[in-house]
Amino acid sequence: MAASNFTFRVWRGDKSGGNFVEYAVESEEGMVVLDCIHKIQATDAGDLAVRWNCKAGKCGSCSAEINGKPRLMCMTRMSTFEPGATITVTPLKTFPILRDLVTDVSFNYEKAKQVPGFKPGKKEADGTYRMQQEDIDRVQEFHKCIECFLCQTVCHVIRDHEDNKEAFAGPRLFVRYASLEMHPLDTNDRVALLKEKQGLGLCNITKCCTEVCPEHIKITDNAIIPLKERVVSQYYDPVAWLLRKVRGKKTEAAE
Amino acid sequence: MDKYETHEHDVIVVGAGGAGLRAAIEASAKGAKTALICKSLLGKAHTVMAEGGIAAALGNVYPEDGWKVHFRDTMRGGKMLNNWRMAQLHAQEAPARVLELEEWGALFDRTKDGRILQRDFGGHRYARLAHVGDRTGLEMIRTLQQHAVHKGIDVFMEFNVQRLVKDGDKIAGAFGYYRETGKFALFKAKAVVLASGGVGKSWKFTSNSWECTGDGIALAANAGADLQDLEFIQFHPTGMVWPPSVRGLLVTEGVRGDGGTLRNKSGKRMMFDYIPEFFKSETADTEEEADRWYDDKKANRRTPDLLPRDEVARAINSEVKAGRGSPHGGVFLDIASRRTPEFIKRRLPSMYHQFKELADVDITTEPMEVGPTCHYAMGGIRNEADSTATKVPGLFVAGEVAAGMHGANRLGGNSLSDLVVFGRRAGLYAAEYAATVKTQPTVDAGELEELAKDLLGPLDGDGDESPYTIHHDLQESMQANVGIVRREDELKVALDDLQKFKARLKKVKVDGNRHFNPGWHLALDLRSMLIVSEACAMAALERKESRGGHTREDFPKTDPHFAKVNIVLQRVGDELQRREEPLPVMPDELKPLFEEK
Ligand code: SF4
Ligand code: SF4
Ligand code: FES
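Only a predicted model underlies this, so the values are computations on that prediction, with no experimental measurement involved.

**A short note on the site of ligand 2**
Here comes step 1: Residues in close proximity to ligand 2 include Cys-145, Ile-146, Glu-147, Cys-148, Phe-149, Cys-151, Arg-172, Cys-213, Pro-214 and Ile-219 of chain A, which together make up its full environment.
Here comes step 2: For the shell around ligand 2, a count of residues per class yields eight nonpolar, no polar and two charged.

**Description of the site of ligand 1**
Here comes step 1: With respect to spatial proximity, 13 residues lie near ligand 1, and among them Cys-155, Cys-203, Thr-206, Lys-207 and Cys-209 of chain A are the closest.
Here comes step 2: Going through the elements one at a time, α5 (156–159), α8 (208–212) and α9 (219–236) of chain A are the ones with two or more residues in the shell around ligand 1.

**Overview of the domain arrangement of chain B**
Residues and elements named next belong to chain B.
Here comes step 1: According to the domain assignment, chain B contains domain 1 (5–51 + 66–95 + 135–234 + 375–436), domain 2 (240–374) and domain 3 (446–565).
Here comes step 2: Each of domain 1 and domain 3 has a C-alpha centre, and these two points are 21 Å apart.
Here comes step 3: If you look at the interface, domain 1 gives 38 residues, while domain 3 gives 40 residues.
Here comes step 4: Between domain 1 and domain 3, a total of about 3,400 Å² is buried, with carbon and sulfur atoms accounting for 61% of that surface.

**Considerations on the nonpolar core**
Here comes step 1: Judged by nonpolar contacts, the single largest core of 162 residues is most densely connected at Phe-8 and Met-73 of chain A.
Here comes step 2: When residues of this core are assigned to their parent elements, the largest contribution, ten residues, is made by helix α11 (residues 414–436) of chain B.
Here comes step 3: Core analysis: the second largest hydrophobic core is formed by 85 residues, Phe-175, Cys-374, Val-485 and Val-532 of chain B among them.

**What to know about the sheet that holds strand β20 (residues 575–582) of chain B**
Residues and elements named next belong to chain B.
Here comes step 1: The strand order across the open sheet formed by four strands is β15-β10-β19-β20, and the pairing between neighbours is antiparallel. In this open sheet, the two strands that pair with only one neighbour each are β15 (380–381) and β20.
Here comes step 2: Strands β10 (226–228), β19 (565–572) and β20 of the sheet are contacted by helix α16 (residues 518–542), whose axis makes an angle of about 45° with β20.

**Concerning the interface of chain B and chain A**
Here comes step 1: Facing the 54 residues of chain B at the interface are 60 residues of chain A.
Here comes step 2: Our count for the contact surface shared by chain B and chain A stands at five salt bridges.
Here comes step 3: Measuring nitrogen to oxygen at the nearest pair gives 2.3 Å for the salt bridge that ties Lys-58 of chain A to Glu-51 of chain B.
Here comes step 4: At the boundary of chain B and chain A, one finds 37 residue pairs in polar contact (both at pLDDT 80 or more).
Here comes step 5: For the side of chain B that touches chain A, the elements supplying multiple residues, two or more each, are α3 (84–103), α4 (136–149), α10 (349–359) and α16 of chain B.
Here comes step 6: For the side of chain B that touches chain A, the element with the highest residue contribution is α4 of chain B, accounting for six residues.
Here comes step 7: Classifying every residue of the side of chain B that touches chain A by side-chain character gives 22 nonpolar, 13 polar and 19 charged.

Rules and cut-offs
- Residues numbered from 1 in each chain as written.
- Chains lettered and ligands numbered in written order.
- Predicted model: local features only at pLDDT ≥ 70, side-chain atom pairs only at ≥ 80, totals over all residues.
- Heavy atoms only, no water.
- Near = heavy atom within 4 Å.
- Nonpolar A, V, L, I, M, F, W, Y, C, P; charged D, E, K, R; others polar.
- Helix = DSSP H or I, 4+ residues; strand = E, 2+ residues; numbered from the N terminus.
- Domains from an automatic or database assignment.
- Contact = heavy atoms within 4.5 Å.
- Buried area = accessible area lost by both parts, 1.4 Å probe.
- Core = buried A, V, L, I, M, F, W, Y, C linked by side-chain atoms within 4.5 Å.
- Buried < 20%, exposed > 50% of the residue type's maximum accessible area, 1.4 Å probe, protein only.
- Pairing = 2+ DSSP bridges.
- Axes fitted to C-alpha atoms, helices over the stretch in contact; angles between N-to-C directions.
- Salt bridge = Lys/Arg side-chain N within 4 Å of Asp/Glu carboxyl O.
- Polar contact = N/O pair within 3.5 Å; in protein donor to acceptor, adjacent residues only side chain to side chain.

Shown next, in the form of structure tokens:
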């Protein structure tokens, strides 16, 4: 792709309000949206607020909505747009605006604090742990999460219903719960907490979160649905419930 | 001055990569009231970029591995300029730190019998790197972050520390501003741990993120600590220089190992012009022989494309300086014309996908543009091996910002282990020190008043310099003059330029207000970058030899005098002063490790 011209419509403002500002950007070969935003900063708007760190899709800082779709700006190539196109960049809708493209994502950090931590069982005699690769493949998939919060912003449970935020942890956190629940060494039990306080039941498996995940984590199929199954078996299957009891799994109180 | 928040802690940790998180966890576990302050959101630090793994002599794959072998490899890699005690502690404690990560929930790839798998890496005698595919850094930072959450540590995100404040000669805390609001805050503390990472943003081609502006080094220098070994910067010979979306991304040596060749702008395979005397007997001198080598390594000599890193980097540097480089200041790395697309995709799948996805570059059909890329600073703040204490009472350091552990060059995999070994030690000793300080140190309010005014300068001033332009010019100058191959005249040009940049920075003016303003942030970060750049150029000028990550075209050999000293810099008034300090002497019982082959 040779150099082409684009019009960027970037939302500028803060919690008291704002508006779209248009910038003409000449995009050179191989540029991504974040490069164009940096170009705007260096030439037209030195104070344009944006988060980014790695510029390689690994840190999950540069999330924004590009033409209405939640995406990583550093992983959105300009060559995917028609030359001359107008590209609209807005901050993540689900989180309160701080300034320009930067939002207040503290919701996610607060929810993370509520996750009961990892609690490993006993070590082997030699003081180490043993785990088979096939038993951790699934959990390693969950550990790929870069905390971009794109799944959180796209999930209609909180995107369209601000008041659900209190009672709903969101797909990113469900991935985190699943990673702990399926960790071969973990002895905590978070199932009651998930059902009663973290709103697992509010998810109606639309899979929008899975579609948007830049790490291609199968959030719905591999994390949420198995967690829902655990809730079902723990709450409604007395045999499973009893088995868990005698296996000594401690039920974390829903605090 | 507007009112500012004041917080009080025993220990504050600046930086929340692997080292900072581990330090905060330890300090807090020792009962210190601890704050963790980071420039980005928690979990975004540059540690997430580390791919290879974490080096620790667990002996899971090779039982004959042990700390002594790891220690020896590290010292050799560092060209014996490492602080031997740091290298020893690191090798001894890394296995426990890795097992601890596992105990906190990290999931490393496994061996067949269910233990932590370890992989080979350059310079390590045995397969030693615990890893998780190619995202080991992410696993480490996430594990530490999630472990830290439940430890009662106060976390302050998106906060830039601008000065370490002192009470007499002792640390009294830190002062800075919130990126979001631009509001100031004072963190009173008995001890400070600096774990603020690297310096790469002074160079045009770097694998480092925007955060790596050397803040910790500048903060420590301004507080009176010594800097050490700043001439040793690790450059990777083949980082991408173009297109912009992948600039700084490192291209593994594997590409050349699988048939990729370096070409200059006229398409010539340039490495044949750069075979040093020393490697002549083992290196092919015709293209035909080099190409046969890939299939028959016995009957043919090795292609010069695989000469050691510094030779390759020197060659690229020379071609670019002679005007024979690629359009964007590198050379071409061509595998497309030499191997079939199927072969390339099979041998280099993640490279192929990464370039395709990030930049729409198809490495099976077009050459890459590569050049020397700044990757890691071996040097940093001078500190004591066991405790990580600096010469400023109450100031401790860990991670890339600290000097000594890696000597003149760092082995792959030794940085992640460095973070947790010395992160823990810094947190531990900072907490112990804080416990001995009976009353909270006091801070001079007048000093803060003045500092606050100074920090607002770029917003209030009537200058006309853009921080973005100064940064651009700084990066050009450092890349050209304090790059991978140095010479006296160029280093002097850089030092001259730096004086000019300092003057220009005084006239910097940024748009907008204090509210999340990247232009203002850059103007302030530039202060750190200028100090670090100057320290690096000065140290490089002083070390008249070539060793590890420091290559002098005018002094191409190692020099026995410089084998025994560190170059140390100290800030006196407005200037950096330079001196030599003798290396700590290794005890006799460790010396035999270096005698056998
Ligand atoms: S599948 Fe559930 S969590 Fe995911 S977007 Fe839909 S409702 Fe939200
Ligand atoms: S699960 Fe995927 S989309 Fe959600 S935060 Fe993690 S990486 Fe982002
Ligand atoms: S900047 Fe790190 S994911 Fe985009």
